[in-house]
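A closer look at the structure
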Amino acid sequence: MDLNQDLKNYTFVAFDTETSGQYPIGSEIVEFGAVKWHSGKVVDTLQVFSKPKKPIPDNVIKIHGITNEMLESEPPLVESLPRILKFIESSVLVAHHAPFDLGFMAYALEEAGYDIPDQPALCTSLLSRKWIPETTDHKLQTLIKELNLVGGTAHRALDDASACLDVVFKCFDRMPLGSTLAAAIKSQWKDLTWKNFSISNIRNQKIKNIIEAIQKNISIDLLYNGGSHRGEVRQVFPLGIVRNPDGDYLSAFCFIDKKDKRYYLQKIAEAEVNYSTVSF
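Computed from a prediction, not measured in an experiment: that's the story for all the values here. (Residues numbered from 1 in each chain as written. Predicted model: local features only at pLDDT ≥ 70, side-chain atom pairs only at ≥ 80, totals over all residues. Heavy atoms only, no water.)

Focus: the side chain of Asn 274
Along the chain, Asn 274 turns up in the segment after strand E10 (268–273). In this structure Asn 274 touches Ile 218, Ser 219, Ile 220, Asp 221 and Gln 235, once residues within four positions along its chain are discounted. (Helix = DSSP H or I, 4+ residues; strand = E, 2+ residues; numbered from the N terminus. Contact = heavy atoms within 4.5 Å.)

Description of the environment of Gln 119
Along the polypeptide, Gln 119 turns up in the loop between helix H3 (98–111) and strand E5 (121–123). With a relative accessible area of 9%, Gln 119 lands in the buried category. Along the sequence, Gln 119 and Ser 90 sit 29 residues apart, while their C-alpha atoms lie 7.2 Å from each other. Contact partners of Gln 119, with chain neighbours within four places excluded, come to Met 1, Ile 88, Glu 89, Ser 90, Ser 91, Leu 93 and Trp 194. Side-chain polar atoms of Gln 119 contact the backbone oxygen of Ile 88, separated by 2.8 Å. A polar atom in the side chain of Gln 119 sits 3.5 Å from the backbone oxygen of Ser 91. (Buried < 20%, exposed > 50% of the residue type's maximum accessible area, 1.4 Å probe, protein only. Polar contact = N/O pair within 3.5 Å; in protein donor to acceptor, adjacent residues only side chain to side chain.)

Focus: the nonpolar core
Counting residues in each nonpolar core, the largest one holds 29 residues, and the members touching the most others are Phe 15, Phe 32, Leu 102, Met 105, Leu 192 and Trp 194. If you list the elements that add at least two residues to this core, you get strand E1 (12–19), strand E2 (29–38), strand E3 (41–49), helix H2 (81–88), strand E4 (92–95), H3 and E5. Discounting chain neighbours no more than four positions away, the residues touching Phe 15 are Phe 32, Gly 33, Ala 34, Leu 93, Val 94, Ala 95, Asp 101, Leu 102, Met 105 and Ala 161. Within the second largest apolar cluster, 28 residues are counted, among which are Trp 37, Leu 122, Trp 131 and Leu 149. (Core = buried A, V, L, I, M, F, W, Y, C linked by side-chain atoms within 4.5 Å.)

Considering the packing of helix H4 (residues 124–131) against helix H6 (residues 157–174)
Where H4 contacts H6, the two axes come as close as 9 Å, and the packing angle between them is 30°. Looking at the two axes, H4 sits roughly parallel to H6. For the element pair H4 and H6, the recorded crossing hand is left-handed. The segment H4 lies against H6, with Thr 124, Leu 127, Ser 128 and Trp 131 engaging Cys 164, Val 167, Val 168, Cys 171 and Arg 174. Class assignment for the residues of the contact of H4 with H6 results in six nonpolar, two polar and one charged. (Axes fitted to C-alpha atoms, helices over the stretch in contact; angles between N-to-C directions. Parallel < 35°, antiparallel > 145°, perpendicular 65-115°, else oblique. Left-handed = near helix turned anticlockwise from the far one by under 90°. Nonpolar A, V, L, I, M, F, W, Y, C, P; charged D, E, K, R; others polar.)

Looking at the packing of aromatic side chains
Under the defined criterion, the tally for this structure stands at eleven aromatic pairs. Centre to centre, the rings of Phe 169 and Phe 172 are 5.5 Å apart; their planes meet at 90°, and the pair counts as edge-to-face. In this pair, Phe 169 and Phe 172 both sit in helix H6, three residues apart, roughly one turn of the helix. Judged by relative accessible area, Phe 172 falls into the buried class, the value being 10%. Following the ring pairs from residue to residue traces out a cluster consisting of Tyr 10, Phe 12, Trp 37, Phe 169 and Phe 172. One residue, Lys 36, lies across the ring of Phe 87, its end atom 4.6 Å from the ring centre. Sitting over the ring of Trp 131, Lys 130 keeps its end group 5.3 Å from the ring centre. (Phe/Tyr/Trp six-rings, centres within 6.5 Å; stacked < 30°, edge-to-face > 60°. Lys NZ or Arg CZ within 6 Å of the ring centre and 35° of its normal.)

Quick look at the pattern of salt bridges
Under the criterion given, the structure shown has eleven salt bridges. Its salt-bridge partner being Arg 174, residue Glu 134 comes within 2.7 Å of it at the nearest N-O pair. Of this pair, Glu 134 sits in the loop between H4 and helix H5 (140–146) while Arg 174 is found in helix H6, placing the two residues 40 residues apart along the sequence. Looking at Glu 134, the relative accessible area reads 52%, which means it is exposed. Judged by its relative accessible area of 39%, Arg 174 is partly exposed. Measuring nitrogen to oxygen at the nearest pair gives 2.6 Å for the salt bridge that ties Lys 261 to Asp 257. Residue classification places Asp 257 among the partly exposed residues on the basis of a relative accessible area of 27%. (Salt bridge = Lys/Arg side-chain N within 4 Å of Asp/Glu carboxyl O.)

Geometric values such as these leave the question of function open.
Next up, the structure:
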């Protein structure tokens, strides 16, 4: 895609995901919502519900209000991925806290055997920090309120995608006239290329072991070259792998410190599945 055209010349798809948990691998997308903009107007929308393999925990249901009963007759996400890929093709993708959504989408696509897209992505959380610095914070609901936007139902994918589209154009309005897509990407100061959210690209034996432990709901023995227990083997319960522009990490519960911690992947020397442990 040519990144040097005026922003008004592109097709934009703002999208949002609601999930069964905080991290890919152990959790899944249960709602995908997207709004397509072209030539000055919204031209299409897409809303997809998906039944996850495991029930959604109550604490997650409290966030988005999507219950297991609501999804009982819905197909698994893999059946809807062709529709989603068709909807987003040849567009610039936009999401709020885009690394979260890109991480879930990249993992779902790779697990289903699809190539992840290569089109550029924008994050309205990052863009608003640059172009709308005066707001109280840069949460989507704060931006909706303080910019007087139509928000709909918070933490529902289609309504949040629509609000995200409004926010990105508020950001564009602050940019110099005739700004290009390349300029917008540069202004968010993070590389949100899809390949940077691929799990397949980093899948070595350590990552395979971590993924196995997450899927089997058991702990791992971790040798970590960092922190207060540097170089010592510790038992942790892995919660999820996060591809992040500021450094990829494993989120896990540490049985030594009795709390959730981040373990940056580049500092993990060894990760072995502890088959003797019971489910956490």
